[in-house]
Amino acid sequence: MAIAMLQQTVGGTLQLLSNSGTHCNVGNRSVRLLPKGFKLEVEFPKRAIYSSGKRKLNVIQASTSQTSVVGPLLAPSSSDTLDSHMKPNEVALILIRHGESLWNEKNLFTGCVDVPLTNKGVEEAIEAGHRISSIPVDMIYTSSLIRAQMTAMLAMTQHRRKKVPIILHNEDERARAWSKIYSEDTIEQSIPVITSWKLNERMYGELQGLNKQETADKFGHEKVHEWRRSYDIPPPNGESLEMCAQRAVAYFRDNIEPQLLSGKNILISAHGNSLRSIIMYLDKLTSQEVITLELSTGIPMLYIFKEGKFIRRGSPVAPTEAGVYAYTRRLAQYRQKLDDMLT
Ligand SMILES: O=C(O)[C@@H](CO)OP(=O)(O)O
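Quick caveat: nothing in here was measured; it's all calculated off a predicted structure. (Residues numbered from 1 in each chain as written. Predicted model: local features only at pLDDT ≥ 70, side-chain atom pairs only at ≥ 80, totals over all residues. Heavy atoms only, no water.)

1. Some words on the pairing of strand β13 (residues 300–306)
Just so we agree on the cut-off: The buried label goes to any residue with under 20% of its type's maximum accessible area, the exposed label to any with over 50%, and the partly exposed label to all in between, with areas taken from a 1.4 Å probe on protein chains only. By the criteria applied, helices consist of DSSP H or I runs no shorter than four residues and strands consist of E runs no shorter than two, each listed in order from the N terminus. When DSSP finds two or more bridges between a pair of strands, those strands are recorded as paired.
Burial of β13 is extensive: six of the seven residues sit out of reach of the surface. Relative to β13, strand β8 (residues 90–97) runs antiparallel, the two being bridged by seven bridges. Bridge assignment links Leu95 to a residue of β13, and that residue is Met301. The sheet contact formed by β13 and strand β14 (residues 309–312) spans four bridges and is antiparallel. Of the residues in β14, the one forming a bridge with Phe305 is Phe310.

Okay, here's the thing in structure tokens:
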């Protein structure tokens, strides 16, 4: 079976690796892949579909130095409209802040420290999953932190479509090779989960691990409020919200938005401040507006992406809530198909 994988781009060089000699279409050129890899000099467009046999390799932002590596699991043949092969004219984007973590419970500054969920956090994640269980999800993005990953995975246990979320391991070639799936059908029933530190909580510098109340008592409530909720004032040796927004929004624009454009329904499980940053971008909030935005743990927020615009649709309260599915005909149809499939 022909499996080609985008390995890397260096300047204008696109390197494809193949597990067998096979033909691969790159743009409008048909090329032969060699067993041990193939190098091709190509002026590639920003977004292009590269196909090998029946599979599509979706190359995102190939003209930048950092390229998303997309293997077969990452590019299911269609977005999940059970399973229509038409590119939809609108897709769902769901944002979830992770459930309560052990350090949320202890009221400690957490930032990039990798702390798991509490029992309450587990329950919140399951409840979030229940709320979104009839909304299509084709791809999941999470931070590299376990609390966001646990939240995404627990939420997906509730999804009525019953696809299996699978974390992609792109750390190196062996990690990729050793986690490869060899069944087309199994790939079809999977949801790729892409993790990136760029969606992490903002790095809280020398406040990480300190108690929020004790820090306020020591440095004054005003100072601590400034560190926590100003836009451009960083905590000692940490990131301001503005700095967090720079990397989180850049990641969203470079990696997630192209997938939405290509018709994928997406769930992002991340953190208070990385999500506030992304919401600032989606809702075009000013720096004054974003500092008053507070996100609760485990509450999913739904957006519809249509004609290049993000339309905020609030938070689904229940999978059967009429209001959510009245938002768009496509969501209503998807839920109906799930009902038909499951009864
Ligand atoms: O401690 C943290 O990492 C964050 C989120 O819990 O705190 P804050 O409420 O100050 O953004």
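2. Looking at the packing of helix α6 (residues 212–219) against helix α7 (residues 221–229)
Under the convention used in this document: Only C-alpha atoms enter the line fits that serve as axes; for helices the fit covers just the stretch in contact. Angles between N-to-C directions range over 0 to 180 degrees. Angles below 35 degrees are treated as roughly parallel, those above 145 as roughly antiparallel, those between 65 and 115 as roughly perpendicular, and all remaining angles as oblique. Throughout, a contact is declared for two residues whenever any of their heavy atoms are within 4.5 Å. Only Asp, Glu, Lys and Arg are considered charged in this grouping, and only Ala, Val, Leu, Ile, Met, Phe, Trp, Tyr, Cys and Pro are considered nonpolar; every other residue, Gly among them, is considered polar.
For the pair α6 and α7, interaxial distance at closest approach is 6 Å and the crossing angle is 125°. One finds that α6 runs oblique with respect to α7. Across the interface between the two elements, Lys212, Gln213, Thr215, Ala216, Asp217 and Phe219 of α6 pack against His221, Lys223, Val224, Trp227 and Arg228 of α7. Residues of the contact of α6 with α7, tallied by class, amount to four nonpolar, three polar and four charged.

3. Considerations on the pairing of strand β9 (residues 139–142)
Because side chains alternate across β9, one face comprises the buried residues Met139 and Tyr141, and the other comprises Ile140 and Thr142, equally buried. Sheet analysis places β9 next to strand β12 (residues 266–270), joined by four bridges and oriented parallel. Pairing of Met139 across the sheet is with Ile266, part of β12. Here β9 pairs with strand β11 (residues 190–195) via three bridges, running parallel. For Ile140, the partnering residue across the bridge sits in β11 and is Val193.

4. Observations concerning the site of the ligand
Which entries qualify depends on this criterion: Summary of the distance rule: residues count as near a molecule or strand when at least one heavy atom falls within 4 Å of that molecule or strand. Whenever a nitrogen or oxygen atom comes within 3.5 Å of another N or O atom, the pair is scored as a polar contact, on the condition that within protein one atom can donate a hydrogen and the other can accept it, and that pairs from neighbouring residues in sequence are kept only if both atoms are in side chains. In these tables, accessible area is a Shrake-Rupley quantity obtained with a 1.4 Å probe, and a residue counts as shielded only by the protein chains included in the view.
For the ligand, the full set of nearby residues is Arg97, Asn104, Leu108, Phe109, Thr110, Gly111, Glu201, Tyr204, Lys212, Arg228, Arg229 and Asn273. Between Arg229 and the ligand, the recorded distance is 3.0 Å, taken from a side-chain N or O atom to an oxygen atom. A total of 310 Å² of accessible area belongs to the ligand in isolation, and the protein chains cover 94% of it. Here the residues of the shell around the ligand sort into three nonpolar, four polar and five charged.

5. Focus on the UniProt feature "active site" (unreviewed entry) in the chain
For the record, the criterion: UniProt positions are given in the numbering used here, feature names are shortened, and annotations may be inferred rather than shown by experiment.
Using the residue numbers shown here, the UniProt feature "active site" (unreviewed entry) corresponds to His98 and Glu201. These annotated residues cover 104 residues of sequence, and their C-alpha atoms lie no more than 10.4 Å from one another, placing them together at a single site. Position of His98 among the secondary structure elements: in the loop between β8 and α1 (102–105). We classify His98 as buried; its relative accessible area is 2%. Not counting residues up to four positions away in its chain, the partners in contact with His98 are Asn104, Leu117, Arg147, Ala148, Thr151, Ala270, His271, Thr297 and Gly298. Along the polypeptide, Glu201 turns up in the loop between β11 and α6. In this structure Glu201 comes out as buried when scored by relative accessible area, which is 7%. When near neighbours in sequence (up to four residues on either side) are disregarded, Glu201 contacts Gly111, Cys112, Leu145, Arg147, Glu239, Arg247, His271, Gly272, Asn273 and Ser274.

6. Quick notes on the packing of aromatic side chains
Quick reminder of the rule: Any pair of Phe, Tyr and Trp rings, taking the six-membered ring for Trp, is counted once the centres come within 6.5 Å. Such a pair is stacked with planes under 30 degrees apart, edge-to-face with planes over 60 apart, and tilted for the rest.
According to the stated counting rule, one finds six aromatic pairs in the structure shown. Three or more aromatic residues joined by ring pairs make a cluster, and in this case those are Phe252, Tyr281, Phe305 and Phe310.

7. Looking at empty space enclosed by the protein
Rule in force here: Definitions used throughout: a 1 Å grid over protein atoms alone; a cavity as a set of points that fits a 1.4 Å probe which cannot get out; a pocket as an open set with protein on both sides within 12 Å along at least five of seven lines; a lining residue as one with an atom within 4 Å of a point. Grid points are joined across faces, edges and corners, and a volume is the space filled by probe spheres set on the points.
This model, assessed by the stated rule, comprises one cavity of 30 Å³ or more. Counted as a void, the largest cavity has a volume near 40 Å³. If you go around the largest cavity, the residues you meet are Glu90, Val91, Ala92, Pro136, Asn265, Ile304, Thr328, Arg330 and Leu331. Of all the secondary-structure elements, those providing two or more residues to the lining of the largest cavity are β8 and α12 (329–342). Of all the elements, β8 adds the most residues to the lining of the largest cavity, at three residues. Looking at side-chain class alone, the lining of the largest cavity contains five nonpolar, two polar and two charged residues.

8. Some points on the state of the cysteines
Using the following cut-off: A pair of cysteine sulfur atoms is labelled a disulfide when the two atoms are within 2.5 Å.
Evaluated as defined, the whole model comprises zero disulfides. Residue Cys112 stays outside any disulfide, its sulfur separated by 8.2 Å from that of Cys244, the closest cysteine.

9. Thoughts on the sheet that holds β14
Taken in spatial order, the seven strands make up an open sheet running β10-β11-β9-β12-β8-β13-β14, and their pairing is mixed. Each edge of the open sheet carries a strand with a single partner, namely β10 (164–167) and β14. Here the strands of the sheet are splayed against their neighbours by 25° on average, with no regard to which way each runs.

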